[in-house]
Amino acid sequence: MIVLLIVLSIADGVLSQIRYSVPEEADHGSLVGNIAEDLGLDLTKLASRRFQVVPSSRTPYLEVNLENGVLFVSETIDREQICRQSPSCQLNMEVFLENPLELFQIEIEVVDINDNPPSFPETDITVEISESATPGTRFPLESAIDPDVGSNALRTYDITTNNYFYLDVQTQTDGNRFAELVLEKPLDREQQAAHRYVLTAVDGGQPPRTGTALLVVKVLDSNDNVPVFDQAVYTVSLSENAPVGMLVIQLNATDLDEGLNGEIVYSFSNHISNRVKDLFSIDPRTGRIEVRAEVDFEESSLYQIFVQARDMGPNAVAAHCKVLVKVTDLNDNAPEITFSTVTESVSEKAAPGTVIALLSVTDQDAEENGQIHVEILGDVPFKLKSSFRNYFTIVTDGPLNREQADSYSVTVVARDKGTPSLAASKSIRVQVSDENDNAPAFTQAIYDVYVTENNVPGAYIHAVTALDPDVGQNALISYSILECDIQGMSLKTYVSINEETGYLYALRSFDYEQLKDFTFMVQANDAGAPELFSNATVKVIIVDQNDNTPVVLAPLGKNGTAKEPLPRSAEPGYLVTRIVAMDADDGENARLSYSIQRGNENGMFRMDWRTGELRTARRVSVKRDPHQMYDLLIEVRDHGQPPLSSSASVLVVLVDSVAVGRGAVDRAGTAKAKDGTLDLTLILIIALGSVSFIFLLVMIVLAVRCQKDKKLNLYTCLTSECCLGCSSCCSRQGRARKKKLSKSDIMLVQSAGSVSGVGMAQVPVEESGSFGSHHQNQNYCYQTKHHRAELSYLVDRPRRVNSSAFQEADMVSSKDSGHGDSEQGDSDHDATNRGHASGADLFSNCTEECKALGHSDRCWMPTFVASDGRQGPDYRSNLHVPGMDSVPDTERGKGFASSFRVDIPETA
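This is a predicted model, so every value here is computed, not measured. (Residues numbered from 1 in each chain as written. Predicted model: local features only at pLDDT ≥ 70, side-chain atom pairs only at ≥ 80, totals over all residues. Heavy atoms only, no water.)

Colleague: What should I look at first to understand the overall build of the protein chain in this one?
Modeller: Counting its secondary structure elements, the protein chain contains 11 helices and 54 strands. Put simply, 68% of the contacts in the protein chain that link residues at least 6 apart link residues at least 24 apart. About 45300 Å² of surface is accessible on the protein chain, with carbon and sulfur atoms providing 51% of the total. (Helix = DSSP H or I, 4+ residues; strand = E, 2+ residues; numbered from the N terminus. Contact = heavy atoms within 4.5 Å. Areas by Shrake-Rupley, 256 points an atom, 1.4 Å probe, with all protein chains shown as cover.)

Colleague: Is there a simple way to explain a nonpolar patch on the surface in this structure?
Modeller: The grouping of V551, L553, V580 and M582 at the surface amounts to a nonpolar patch, some 310 Å² of accessible area in total. Where the nonpolar patch is concerned, the elements lending two or more residues are strand 44 (551–554) and strand 47 (580–582). With respect to the helices, strands and loops of the structure, V580 is situated in strand 47. (Patch = residues over 30% accessible without salt bridge, like charges linked within 9 Å, V, L, I, M, F, W, Y side chains within 5 Å. Salt bridge = Lys/Arg side-chain N within 4 Å of Asp/Glu carboxyl O.)

Colleague: Help me out: how do you make sense of the sheet that holds strand 48 (residues 592–598) in this one?
Modeller: Pairing between the strands of a sheet comes from backbone hydrogen bonds, and it takes one of two forms, parallel or antiparallel. As summarised here, the arrangement of the 4 strands in space is 45-52-51-48, forming an open sheet in which the pairing is mixed. At either end of the open sheet lies a strand with only one pairing partner, and these are strand 45 (561–567) and strand 48. This sheet shows a mean twist of 30 degrees between the axes of neighbouring strands, independent of strand direction. Note: strand 51 (residues 630–638) against strand 52 (residues 645–655), 8 bridges, orientation antiparallel. For L633, the partnering residue across the bridge sits in strand 52 and is S649. (Pairing = 2+ DSSP bridges. Axes fitted to C-alpha atoms, helices over the stretch in contact; angles between N-to-C directions.)

Colleague: Help me understand the sheet that holds strand 46 (residues 575–578), please; the structure alone is not making it clear to me.
Modeller: Taken together, the 3 strands give an open sheet; going across it, the order is 46-50-49, and neighbouring strands pair in antiparallel fashion. A strand with exactly one partner marks an edge of an open sheet, and here the two such strands are strand 46 and strand 49 (605–607). The average angle at which neighbouring strand axes cross in this sheet is 20 degrees, direction not considered. Sheet analysis places strand 46 next to strand 50 (residues 613–616), joined by 3 bridges and oriented antiparallel. Bridging from a neighbouring strand, L575 pairs with R615 of strand 50.

Colleague: Sorry, what's going on with unusual backbone geometry here?
Modeller: The general pattern is negative phi for most residues beyond glycine and trans for most peptide bonds. The residue after Q206, namely P207, is reached through a cis peptide bond having omega -5 degrees. For P207, the location among the structural elements is in the loop between strand 14 (194–203) and strand 15 (210–220). In this structure, the amide linkage connecting A529 to the following residue, P530, adopts the cis form with an omega of 0 degrees. Its location among the elements puts P530 in the loop between strand 42 (517–526) and strand 43 (533–543). Even without glycine at this site, R50 takes up a positive phi of about 55 degrees. Within the secondary structure, R50 sits in the loop between helix 1 (35–38) and strand 4 (52–53). Here R50 falls in the partly exposed class, since its relative accessible area comes to 47%. Here E367, not a glycine, exhibits a phi torsion of approximately 50 degrees, which is positive. One can find E367 in the loop between strand 27 (355–362) and strand 28 (372–376). (Buried < 20%, exposed > 50% of the residue type's maximum accessible area, 1.4 Å probe, protein only.)

Colleague: How do you make sense of the environment of N225 when you look at a structure like this?
Modeller: Its place among the elements puts N225 in the loop between strand 15 and strand 16 (228–229). A residue is classified by how much of its surface remains accessible, and N225, at 27% relative accessible area, is partly exposed. Once the C-alpha coordinates of N225 and S132 are considered, the two residues, 93 residues apart in sequence, prove to be 9.8 Å apart. Contact partners of N225, with chain neighbours within four places excluded, come to D255, L256, D257 and D311.

Colleague: How do you make sense of the packing of aromatic side chains when you look at a structure like this?
Modeller: Two descriptors summarise a pair of aromatic rings, namely the distance from one centre to the other and the angle between the planes of the rings. In this structure the tally under the stated criterion is 14 aromatic pairs. Note on F442 and Y447: the rings are 6.4 Å apart at their centroids and 80 degrees apart in plane angle, and the pair reads as edge-to-face. Given a relative accessible area of 1%, Y447 falls into the buried group. Seen from their ring centres, F605 and Y630 are 4.9 Å apart, and the 90 degrees between their planes marks the pair as edge-to-face. Of this pair, F605 sits in strand 49 while Y630 sits in strand 51, placing them 25 residues apart in sequence. Residue classification places Y630 among the buried residues on the basis of a relative accessible area of 4%. Members of the aromatic cluster, connected to one another through ring pairs, are Y494, F510, F518 and F520. The lysine or arginine in question, K516, covers the ring of Y512, its NZ or CZ lying 4.8 Å from the ring centre. Cation over ring: R624 sits above Y630, and NZ or CZ is 3.7 Å from the ring centre. (Phe/Tyr/Trp six-rings, centres within 6.5 Å; stacked < 30°, edge-to-face > 60°. Lys NZ or Arg CZ within 6 Å of the ring centre and 35° of its normal.)

Colleague: Explain the pattern of salt bridges here, please?
Modeller: Where charged atoms of side chains with opposite charge meet at close range, the side chains can pair. Inspection of the entire model under this criterion finds 16 salt bridges. Its salt-bridge partner being D397, residue K383 comes within 3.8 Å of it at the nearest N-O pair. Here D397 lies in the loop between strand 30 (391–396) and strand 31 (407–416) and K383 lies in strand 29 (residues 382–388), a separation of 14 residues in the sequence. Here E613 makes a salt bridge to R615, at a shortest N to O gap of 3.1 Å. By the burial criterion, E613 is buried, and R615 matches it. Taken together, the shared-partner salt bridges connect R138, D168 and E180 into one network.

Colleague: Help me out: how do you make sense of the nonpolar core in this one?
Modeller: Burial of nonpolar side chains together is a common tendency in soluble globular proteins. Core analysis: the biggest nonpolar cluster contains 30 residues, and F229, L251, F280, I289, I305, V307 and V323 have the highest contact counts within it. Of all the secondary-structure elements, those providing two or more residues to this core are strand 17 (233–239), strand 18 (247–250), strand 20 (264–268), helix 3 (274–279), strand 21 (280–282), strand 22 (288–291), strand 23 (302–311) and strand 24 (319–328). Here the element with the most residues in this core is strand 24; it accounts for 5 residues. With residues up to four places along the chain from it excluded, the contact list for I305 reads F268, I272, V276, F280, I289, C321, K322, V323 and V325. (Core = buried A, V, L, I, M, F, W, Y, C linked by side-chain atoms within 4.5 Å.)

Colleague: Looking at this structure, I do not really get the state of the cysteines. What am I missing?
Modeller: The bond known as a disulfide is covalent and runs between the sulfur atoms of two cysteines. The final tally for this structure, using the stated rule, is 1 disulfide. At a sulfur-sulfur separation of 1.8 Å, the disulfide partner of C83 is C89. Of note, the bridge from C83 to C89 carries an S-S torsion of about 65 degrees and is right-handed in sense. (Disulfide = S-S within 2.5 Å.)

By themselves, these observations are geometric and do not establish any function.
See the structure below:
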């Protein structure tokens, strides 16, 4: 056996060709060769690399052991049966390896052995020769048949030695040999009518084998003329697939004889092949050769037809000619596509040039009819590469993306160049395997989750969703929460997430008043390798519920009942108290409204539903029993759904004055403190009451000292220069008790309106803003420190001292020398200088009151100049004389008492 190894490098793999030879008739199991060893392959890797035979190249005569690469005979090989008379006989087989792809073409030449002797078609061969035949006349003999080829084929013929004939062995163009019997000496039928010889056919084998037949030569009476063909050799062309009955050639032979001796009969020679007899027929009378069966160029491109012509005379001698039929090829065979190996799937990360499939394309036609153009149809990321002869590989031609296309139908089209062109196509399905190249993506970057407070722990609150375009494990998403702290506690004590569905659950009941919102991150991870993830933000917003009732902060009293004083002289709109309440909820749930639910049947009070201020709606009736209290039930209601409410009980006590009323309230507060139910508001009220009480004592002490002062015997009416609301001092002059006026008894207070309005002298209750914020057109006067007035001044002082008039008065009053003692730098001296400078007597209008204080006190009163440049009214109009205790209440109420309303805030 001969082993020939040819290795060719091809794209994306190696194609090797190895050739073996095996004798025919080899026994079953006979070793042909070891493919793996001859190719230098690692025997241990044959299985892992899937060493196998291309299915389309399998043969029943040979088999490959896929474990060790041994090629052996699996069935007796009969060369003559497989290849007939073909000079070359070989079997083709293809094997390949994967990872990487390597293709090997195995050619096994079947070596002929001399296992067949030559044989004649008939054991007795009869030749009739006219006695008139001249020496040199040739008589073709039937050829022997030897199925062997090459050196084992028929080599020569031999005949028994004789005096009349010898054999001339001829060789045809196809290599076949035939014998012609040559007449060497004229025959004489009368001497010998028949000659018998042994005809022997000898092959070229070692040792040679022979076949014999009995040759009988019959000597016939002479027929002088033999038929003659126009040509010894005829050449014609015939298209393949010519229809049956088509004329191939019209032969014509002539015979000079007449009658039966000149009548010619045509026939095929004895040594013509059976295949030719199957394909062609000849008309014995006309010599017309016609197509008998389908002629295929791919089977044979040339046929030789031997024809003989014999007359019908006695002792007829046959004439011979040869017809060469050349078959012209037609494009009657479409290309054939055979896939040797196909990869089931390719990774979407496969690099360009990755081999997908190996295929071969063949066309049995010749020349242009057999030239093939191969291409891939459609816009697919694959291309063809020529590998070896008619082999091609399909490789990737660009990046793959399974998310765009998970499979491709690759159609290979092979088209020949014949006319008309024939084509064949074959498709394969290539699956694109997934790689984890896409991270999960949330449907929203930020999730706003609204959760109503007081939710049930463990309740579902929302669902986050992430999508992954990958498949399988690469698209299997699990959800998790990124750890963080909320109010010092782990997030995982607040919420949890279902790692499979992304459902979020509240682990506790949320309280809007403690936690209004919180934010955390959720993460989606796929199960691919490497693992990919993405994050999203979840903002949990707690929605308030109306779960808190309003809480009344002020006023507070014993057993939930507050007592508030109401002066009997209170005007309509008098602020009795202000209900202060708070609601821990938010929004509409915390917006409060106030109303009187009970105790206001006669409409004495009105409640501001927004601010909670309780004011009088009208004056207190003089007929009302002063000991009868107003028992009011105040309701505070929020605007939630459903609304919640709470109530406060307020007892309004009628008092003669604010101070008395406040003292009663203080005593009630003291009693409440003794009960041990003190709270911050009550403590502030007690403290404020104590301070007020101390100042009240101070005022009483001052009043007593003033009573003892006998230096001033007369009070002078201040007429037009009195403070607002004190015009009645003139009527009190005779009745008023004489008192010496001291500077310490005078203080500056704000007037509420113009000097002409008696009723406007009341000091208004400030509810918001700064008292001194609008002071350009306000008047100020000095007022005695009566004990009832002192309390109002102390309480309201923080809101009064911002006035610019007071600041101016404090500045100039520091220059007072007192009781007329004037010096160079004091106010007397300044006043004198100002008097001379202005040319007017500044002391011409000094009153007794001013004299009592000293004329310099009149001078230090600055001239009030308004913002428009006009001089204001005389400051003496704001000078108020103490001693109003002796004035009856009726007169005092007309213009003075209303100026001393006391506001004591309930809370500090």
